[in-house]
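Summary of the model geometry
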Amino acid sequence: MDYLKPAEVMASMIETGTRKGGLAVRDLLVRGALSGGILGIATTLAITAAVQTGVPLVGAIIFPVGFVMIVLLGLELVTGSFALLPLAQLDGRITFAATLRNWGWSFLGNLLGSMLFALLAWAAVTMFGETPGGPVADRIAAIAYAAHGGAGWAAAFVKAMLCNWMVCMGVVMGLVAQSTLSKIVAAWLPITIFFGLGYEHAVVNMFVVPAGMLFGAKTTVGAWWLWNQVPVTLGNLVGGFVFTGFALYVTYRVRDARAEPALQGTPVHSS
C-alpha cells in the first residue's frame with residue numbers, strides 16, 4: 001500500500017529519530033549544509049516568482065521544491081529534528097546528549113550552508129557588488145528585518161511555533177506516503193501553508209537575513225540573532241516538538257503488541 005497508518009508512521013518517526021541520533025558529525029555537517037543551501041535556493045526562487053507575478057502565493061506554491069529534495073535525499077534539517085529526536089529519546093532509544101549533539105551540529109551545518117549560498121547569490125546577482133541587485137535583491141533586503149522589543153520578539157516566537165508545526169507535518173506526511181510521487185505531494189502541502197502565511201523558519205532566516213544585509217538591509221548581526229534567530233529557533237523547537245512530535249506520540253504510540261491491532265482497527269483475539 002502507498003500509505004502507512006498512523007501507528008506505523010509513529011514507529012517510523014521513532015526509528016528515523018534513532019538513526020539520526022547516531023549520525024557522525026561529518027554527516028550532520030555535510031547534510032546540514034546541503035539543506036541550508038537548498039532552502040536558500042528555494043527561497044530565492046519563491047521570492048523571484050512572487051516579484052515577477054506580483055502574487056506572493058505563487059512563491060509559496062513553488063517554495064516546497066527545496067523541502068521535497070531534502071526529504072527525498074534524507075538530509076539534515078534541524079527544524080525537522082526538533083520533532084523526531086525527542087520521540088526516540090522518549091522511547092528510550094537515544095540519550096538527551098545524542099539529541100543535543102544532533103541539534104547542535106545540524107544547526108551549524110544549516111547555518112554554514114545558508115550563509116554560503118547567501119554569499120554566492122549576492123556575488124551572482126551583483127557581480128560581486130559591481131551592479132545593483134535588482135527587484136529580487138530589493139525584496140530580500142526588505143524582508144530581512146528584525147523587529148526590536150518584547151512584542152517583536154514574542155511575535156517572532158509565535159510565528160516560528162506555527163511555522164514548524166507545518167514543517168514537521170511535512171516531515172510526517174513524507175513518512176506517511178511510500179512512493180516518490182506521493183511523498184512529493186504529501187510533503188508539499190503543509191510547506192506551502194507555512195510559507196504562504198508568512199511564518200518564521202530558522203533555516204530560511206539563516207539565508208534571508210545575511211543575504212538581505214549583503215543587499216543593503218538596515219540591520220546588524222547582533223539584531224538578527226537577538227531579535228530574530230534566537231526567538232525563531234526556540235519557537236520552531238516548541239512548535240515542532242509539542243504540536244507535532246509529542247502530540248502524535250501521545251495518541252498513536254503503540255505500547256505493546258496487544259494494543260497495535262486495536263489501534264489499527266483489527267479485532268483483538270484473546271487466548
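Shown above is the structure to which this text applies.
Residues numbered from 1 in each chain as written. Predicted model: local features only at pLDDT ≥ 70, side-chain atom pairs only at ≥ 80, totals over all residues. Heavy atoms only, no water.

1. Structural notes on the packing of helix H2 (residues 25-53) against helix H6 (residues 96-126)
We apply this condition: Comment: axis = line fitted to C-alpha atoms, over the contacting stretch for helices; angle = value between 0 and 180 degrees taken between N-to-C directions. Helix and strand assignments follow DSSP, with helices taken as H or I runs no shorter than four residues and strands as E runs no shorter than two, numbered in order from the N terminus. Just so you know how the angles are binned, under 35 degrees is roughly parallel, over 145 roughly antiparallel, 65 to 115 roughly perpendicular, and the rest oblique. Whether a crossing is left-handed or right-handed is set by the direction in which the near helix is turned from the far one by less than a right angle, anticlockwise for left-handed and clockwise for right-handed. Whether two residues touch is decided by their heavy atoms; if any such pair falls within 4.5 Å, the residues are in contact. Polarity classes work like this: nonpolar for Ala, Val, Leu, Ile, Met, Phe, Trp, Tyr, Cys and Pro, charged for Asp, Glu, Lys and Arg, and polar for all others, with Gly in that last group.
Interaxial distance between H2 and H6 falls to 6 Å at its minimum, and their mutual angle equals 45 degrees. Classified by the interaxial angle, the pair formed by H2 and H6 is oblique. Crossing handedness for the pair H2 and H6: right-handed. Across from Val25, Leu28, Leu29, Gly32, Ala33, Ser35, Gly36, Gly37, Gly40, Ile41 and Thr44 in H2, the residues of H6 making contact are Arg101, Asn102, Trp105, Ser106, Leu108, Gly109, Asn110, Gly113, Ser114 and Phe117. Here the residues of the contact of H2 with H6 are counted per class, giving 8 nonpolar, 12 polar and 1 charged.

2. Regarding unusual backbone geometry
Here Met127, not a glycine, exhibits a phi torsion of approximately 55 degrees, which is positive. Assignment of secondary structure puts Met127 in the loop between H6 and helix H7 (134-143).

3. Observations concerning the nonpolar core
The criterion, for reference: By nonpolar core is meant a set of buried Ala, Val, Leu, Ile, Met, Phe, Trp, Tyr and Cys residues that side-chain atoms within 4.5 Å join together. Accessibility here uses a 1.4 Å probe with only protein chains present; expressed as a share of the type maximum, an area under 20% marks a residue as buried, one over 50% as exposed, and anything in between as partly exposed.
Among the nonpolar cores identified, the biggest contains 57 residues, and Met13, Phe63 and Phe194 are the most heavily contacted of them. It is H6 that provides the largest number of residues to this core, a total of 9 residues. Discounting residues that sit within four places of it in the chain, Met13 has contacts with Leu84, Leu87, Val172, Leu175, Gly245 and Leu248.

4. A short note on the state of the cysteines
Disulfides are covalent bonds that link the sulfur atoms of two cysteine residues. The following threshold applies: In this description, the term disulfide denotes a pair of cysteine sulfurs within 2.5 Å.
For the structure on display, the rule yields 0 disulfides. Considering cysteine sulfurs only, Cys168 is the nearest to Cys163, which forms no disulfide, with 8.7 Å between them. What makes Cys163 buried here is its relative accessible area of 0%. Judged by its relative accessible area of 1%, Cys168 is buried.

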